[in-house]
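What follows is the residue order along each chain.
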Number of protein chains: 2
Amino acid sequence: MIAAVDAVDRLSSALGGGPAARLAASALIEADALGQPRFGIAMLGEWTPDLRPPQMGADMQALRWLDCSGRFAPLAVATATLDLAAAARRFGVAAVFLRGVRGFGRLAPFVRHLADAGLAGLAGAEGPPFVAAHGGTRPVIGTNPLAFAIGQGADRVVIDAATSSCTMADIREARADGSPLPEGIALDGQGRPTRVAAEVAALLPRGGQVGSLLGLVVELMAGVAGGGRGDPAGRGVFLVAFDPDAAGRETDWRSGLAGLRRDWTGGGGYWPRGGGLPPDAALDADFERRLDGYLAAMRGTEDR
Amino acid sequence: MIAAVDAVDRLSSALGGGPAARLAASALIEADALGQPRFGIAMLGEWTPDLRPPQMGADMQALRWLDCSGRFAPLAVATATLDLAAAARRFGVAAVFLRGVRGFGRLAPFVRHLADAGLAGLAGAEGPPFVAAHGGTRPVIGTNPLAFAIGQGADRVVIDAATSSCTMADIREARADGSPLPEGIALDGQGRPTRVAAEVAALLPRGGQVGSLLGLVVELMAGVAGGGRGDPAGRGVFLVAFDPDAAGRETDWRSGLAGLRRDWTGGGGYWPRGGGLPPDAALDADFERRLDGYLAAMRGTEDR
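Computed from a prediction, not measured in an experiment: that's the story for all the values here. What you see as residue numbers is a count from 1 along each chain, following the sequence as written. To label them, take the chains in the order written and letter them from A, then take the ligands in the order written and number them from 1. Residue-level local features of this predicted model are given only where pLDDT is at least 70; pairs of side-chain atoms are given and counted only at 80 or more, and the full residue set underlies all totals for whole chains, interfaces and linings. Excluded from the side-chain calculation are hydrogens and water; included are all heavy atoms of the structure.

Visitor: Looking at this structure, I do not really get the overall build of chain A. What am I missing?
Guide: Summing up its helical and strand segments, chain A has eight helices and twelve strands in all. With the radius of gyration taken over C-alpha atoms, the globule rule is written as 2.2 Å times the number of residues to the power 0.38. Here the C-alpha atoms of chain A give a radius of gyration of 20 Å, agreeing with the 19 Å that 2.2 N^0.38 yields for 304 residues. Exposure classes here rest on a 1.4 Å probe applied to the protein chains alone. A residue is buried below 20% of its type maximum, exposed above 50%, and partly exposed in between. The buried share among the 304 residues of chain A stands at 55%. Only heavy atoms matter for contacts: two residues are in contact if any of them lie within 4.5 Å across the pair. Looking at chain A alone, contacts between residues at least 24 apart form 68% of all its contacts between residues at least 6 apart. When the accessible area of chain A is evaluated, it comes to approximately 11900 Å², of which 51% is carbon and sulfur surface. Taken as two groups, the 30 positive and 33 negative side-chain charges of chain A have centres that lie 2 Å from each other. The secondary structure listing takes helices from DSSP runs of H or I that are at least 4 residues long and strands from runs of E that are at least 2 residues long, numbered from the N terminus. Method for areas: the Shrake-Rupley scheme with a 1.4 Å probe, in which residue coverage is limited to the protein chains shown. Charge counting treats Lys and Arg as positive and Asp and Glu as negative, with His and both chain ends excluded. By convention, the charge on Lys lies at NZ, on Arg at CZ, on Asp at CG and on Glu at CD.

Set out below in structure tokens:
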């Protein structure tokens, strides 16, 4: 057993310390604590001492493009998020487009960081083509999640939704199990619906046309405007942040958020919080051994 | 019969002329030409000579809030769109939040205008609560469309998607016809699924959870951050624009867009164009009579 806060401290130090290292470490350890190890410290398998965070330079920009190839992706996304927060505070609204991003985990921790900083954050990530267009027969875009966060404390909302019916990892698991897939989530190589995991050539969009169009918006932002599409070095990711307090007395967005939360949950809706760690979260001995292993490997390569 | 270009000229003049009047006029007439008269010149029923466009002031801002109550909504949204385009060109990225917006038609023409100006545009609109949360039983948000556009010419893409299963107008039509509703689009006053239009108390989100979360994102932007939620004077609307050319040689987004369009349509997907008028579009005599009536009424009130 290891307390999550201790695990974050140790990993944060190993990643060089400072706010970006802490955000990256928290994001990975949170995923393991939430039972999503695919998005957790498994990402450390790609770390090498050459993978330094991107240098943002002294100039602050409202709109920025960053090539993250050759960077450790969780730290690159965290560094870009912190820079974006500073830019949004200065300019009111700011955006950053990352490309060549290797596995970085979930978007939720990064937009949540923006919300905790008093901003609103919107983000999306594209990836290799696994998902067909609505009505289509071949994979053309990634599982393309979109995330949004605003607010603090109990009212904070953190949305992080994939635009595909499931992930390729789900398909691999079903294939390993030999279990049939639910209906309506995948197509075979001829573009026909299939429930056999071994036959899957394309995933379907989530919720039909609306998920397909949302996945297309993410692809247009992160893949086209951001230049990430088809880059063999990694994914395209975008983040947009703005400062709702810049409205001054024109709006009372905190009261508005509290009211919307009351209406939404009072009407039977689920108010998404995007994970996050309770202060007393702990991880099991197996996790601790894996973390020790990664940290030892990171020290070993540092000393090399 | 009247040519659409002539109708746009006449309405544009009646709205005071200039680029914002032309954009507003085109947006309304396009809706009639597309067979969506609810979003067309019917909006002119709300025009009075007191409803001047918002004064943007000489100062350009990257982030702006505008109270549009007491403004003719199509002209207010058009004026804000043109100001936003100038701000995005200057700052790289810009956003505007409108509140108190009465009926203004479809979002598509406004984000398409941004695309034609070489920018990328994202927009959303919230409205009166007709739609339940996924898993919920009572109406909590509007039909909350989201729109996005980028590109020019044949590659241009214009997405404009509602986040609800249908509109209240669809329900009213079914009620008038006495025809049963499709399954899975509405709830009655007890939160139970219904196919009887007269019993409808809430619409369901489009595509289940993904449409519900997207509707919530729009509400958080236009309703909460923008301050539009619950304002009896009208809806909340947001527009965000950025300049993809600011990447310089870092990306070739035009080639990327052309490639995505080829992949998307080649894989059987539909490339959304968001309406728009062919140069030779014409409207029928009934439309022409209605337009004449509105224009006469506008002149009458002007001369008063």
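Visitor: How should I be thinking about the sheet that holds strand β4 (residues 120-125) of chain A in this particular structure?
Guide: Picture the strands of a sheet paired through backbone hydrogen bonds; they go either parallel or antiparallel. Residue and element names in this part refer to chain A. Taking strand neighbours across the sheet as the criterion, the six strands line up as β2-β3-β11-β4-β7-β8 in an open arrangement whose pairing is mixed. Every other strand in the sheet has two partners, leaving β2 (63-67) and β8 (157-161) as the edge strands with one partner each. Adjacent strand axes in the sheet meet at a mean angle of 10°, parallel and antiparallel pairs treated alike. Only strands joined by at least two bridges in the DSSP assignment are considered to pair. Bridge analysis of strand β7 (residues 146-150) against β8 gives five bridges, and the strand direction is antiparallel. Bridge assignment links F148 to a residue of β8, and that residue is I159. With respect to the sheet, helix α3 (residues 73-91) is in contact with β2, β3 (93-101) and β11 (235-242), its orientation differing from that of β3 by roughly 165°. Only C-alpha atoms enter the line fits that serve as axes; for helices the fit covers just the stretch in contact. Angles between N-to-C directions range over 0 to 180 degrees.

Visitor: How do you make sense of the sheet that holds strand β4 (residues 120-125) of chain B when you look at a structure like this?
Guide: Residues and elements named next belong to chain B. Across the sheet, six strands lie side by side as β2-β3-β11-β4-β7-β8; this open sheet has mixed pairing. A single partner strand is all that each edge strand has here, and the edge strands are β2 (63-67) and β8 (157-161). Neighbour-to-neighbour, the strand axes of this sheet turn through a mean angle of 10°, independent of strand direction. Two elements, β2 and strand β3 (residues 93-101), share five bridges in a ladder whose sense is parallel. By the bridge assignment for β3, L63 is matched with A95. Along the sheet face, helix α3 (residues 73-91) touches β2, β3 and β11 (235-242) and points at about 165° away from the line of β3.

Visitor: Please explain the interface of chain A and chain B as it appears in this structure.
Guide: Accessible area lost during the coming together of the parts is what is often quoted as the interface size. At the junction of the two partners, chain A supplies 63 residues and chain B supplies 63 residues. In this assembly, chain A packs against chain B so that about 5100 Å² is buried in total across both faces, 78% of it on carbon and sulfur atoms. By convention, the term buried area covers the 1.4 Å-probe accessible surface removed from two parts as they join, with the contributions of both added. Three residues, W65, V210 and W264 of chain A, lead the burial of chain A against chain B; their summed loss comes to 13% of the area buried on that side. Just to be clear on terms, a salt bridge is a Lys or Arg side-chain nitrogen sitting within 4 Å of an Asp or Glu carboxyl oxygen. Between chain A and chain B we count four salt bridges in total. Among the ionic pairs, E250 of chain B bridges to R99 of chain A, the shortest N-O distance being 3.0 Å. N or O atoms closer than or at 3.5 Å make up a polar contact, with two conditions inside protein: a donor-capable atom paired with an acceptor-capable one, and, for residues adjacent in sequence, both atoms drawn from side chains. At the boundary of chain A with chain B, the tally comes to eight residue pairs in polar contact (both at pLDDT 80 or more). Those elements that provide at least two residues to the side of chain A that touches chain B are β2, β3, β6 (139-141), β7, β8, α6 (209-225) and α7 (253-266) of chain A. Ranked by residues supplied to the side of chain A that touches chain B, first place goes to α6 of chain A with 13 residues. Three categories are distinguished: nonpolar for Ala, Val, Leu, Ile, Met, Phe, Trp, Tyr, Cys and Pro, charged for Asp, Glu, Lys and Arg, and polar for the others, with Gly belonging to the last. Split into classes, the residues belonging to the side of chain A that touches chain B amount to 38 nonpolar, 17 polar and eight charged.

Visitor: Just checking my understanding: could you explain the packing of aromatic side chains for this structure?
Guide: Only Phe, Tyr and Trp rings are paired, with Trp represented by its six-membered ring, and only when their centres lie within 6.5 Å; those with planes under 30 degrees apart are stacked, over 60 edge-to-face, the remainder tilted. Within the structure shown, the criterion is met by six aromatic pairs over all chains. Measuring from ring centre to ring centre gives 6.3 Å for F104 of chain A and F110 of chain A, while their planes differ by 55°; the resulting arrangement is tilted. You'll find F104 of chain A and F110 of chain A in the same group, each marked buried. Here a set of aromatic residues connected by ring pairs shows up, and it is made of W65 and F97 of chain A together with F242 of chain B.

Visitor: Quick question: what am I supposed to make of the relation of the copies chain A and chain B here?
Guide: Taken together, a rotation about one axis and a shift along it account for how the two chain copies relate. Superposition of the copies was done by least squares, using only C-alpha atoms of residues whose pLDDT is at least 70 in both. By a simple turn and slide, chain A fits onto chain B: the slide is 0.0 Å along the axis, the RMSD is 0.0 Å, and the turn is 180°. Look at the turn and shift together and you get a two-fold axis relating the two. If distances are taken from each C-alpha of chain A to the rotation axis, the shortest is found for G207 of chain A, at 1.9 Å. Residue by residue, 100% of the interface of chain A is reproduced at the interface of chain B, so both copies engage with the same surface.

Visitor: Mind showing me how you'd approach the pattern of salt bridges here?
Guide: Pairs can form between side chains of opposite charge once their charged atoms are near each other. Enumeration according to the criterion identifies 28 salt bridges over all chains in this entry. Here D263 of chain B and R229 of chain A are joined by a salt bridge, their closest N and O atoms 2.8 Å apart. Remark: R229 of chain A occurs in the loop between α6 and β11 and D263 of chain B occurs in helix α7 (residues 253-266); the pair is interchain, linking two chains. A relative accessible area of 35% means that D263 of chain B is categorised as partly exposed. Relative accessible area serves as the criterion here: at 23%, R229 of chain A is assigned to the partly exposed category. Salt bridges here are not isolated pairs; linked through shared partners, they connect E30, R106 and R112 of chain A.

Visitor: I'm lost on helix α1 (residues 4-14) of chain B in this one. Help?
Guide: All names here are of chain B. Those residues of α1 that fall on the buried side of the exposure criterion are A4, A7, V8, L11 and S12. One side of α1 carries all its buried residues, which in axial view fall inside an arc of 125°. At the C-terminal side of α1, G16 shows a positive phi close to 110°. Directions from the helix axis toward the C-beta atoms define the arc.

Visitor: What is the right way to read unusual backbone geometry from this model?
Guide: Glycine aside, negative phi is the norm for most residues, and most peptide bonds take the trans geometry. Look at N144 of chain A: it is not a glycine, yet its phi comes out positive at around 30°. Assignment of secondary structure puts N144 of chain A in the loop between β6 and β7.

Visitor: Would you take a moment to explain the packing of helix α2 (residues 18-33) of chain B against α3 of chain B for this structure?
Guide: To characterise two packed helices, one gives the angle between the axes of the helices and the distance between these axes. Residues and elements named next belong to chain B. Closest axis-to-axis distance for the α2/α3 pair is 8 Å, and the angle between their directions is 125°. In terms of orientation, α2 lies oblique with respect to α3. Our pair here, α2 against α3, has a crossing hand that is right-handed. Contacts from P19, A20, A21, L23, A24 and L28 of α2 reach α3 at P74, L75, A78, T79, T81 and L82. When its residues are assigned to classes, the contact of α2 with α3 shows ten nonpolar, two polar and no charged. Roughly parallel here means an angle under 35 degrees, roughly antiparallel means over 145, roughly perpendicular means 65 to 115, and every remaining angle is called oblique. Crossing handedness is read from the near helix: turned anticlockwise from the far helix by less than a right angle, it gives a left-handed crossing, and turned clockwise, a right-handed one.

Visitor: Could you clarify how one ought to interpret the packing of helix α1 (residues 4-14) of chain A against helix α2 (residues 18-33) of chain A in this entry?
Guide: All names here are of chain A. Remark: α1 packs on α2, axes separated minimally by 8 Å, with the N-to-C direction vectors making an angle of 130°. Here α1 is positioned oblique relative to α2, judged by the angle of their axes. As for how α1 packs across α2, the hand of that crossing is right-handed. Contacts from A4, A7, V8, D9, L11 and S12 in α1 reach G18, A21, R22, A25, S26, L28 and I29 in α2. Considered class by class, the residues forming the contact of α1 with α2 number eight nonpolar, three polar and two charged.

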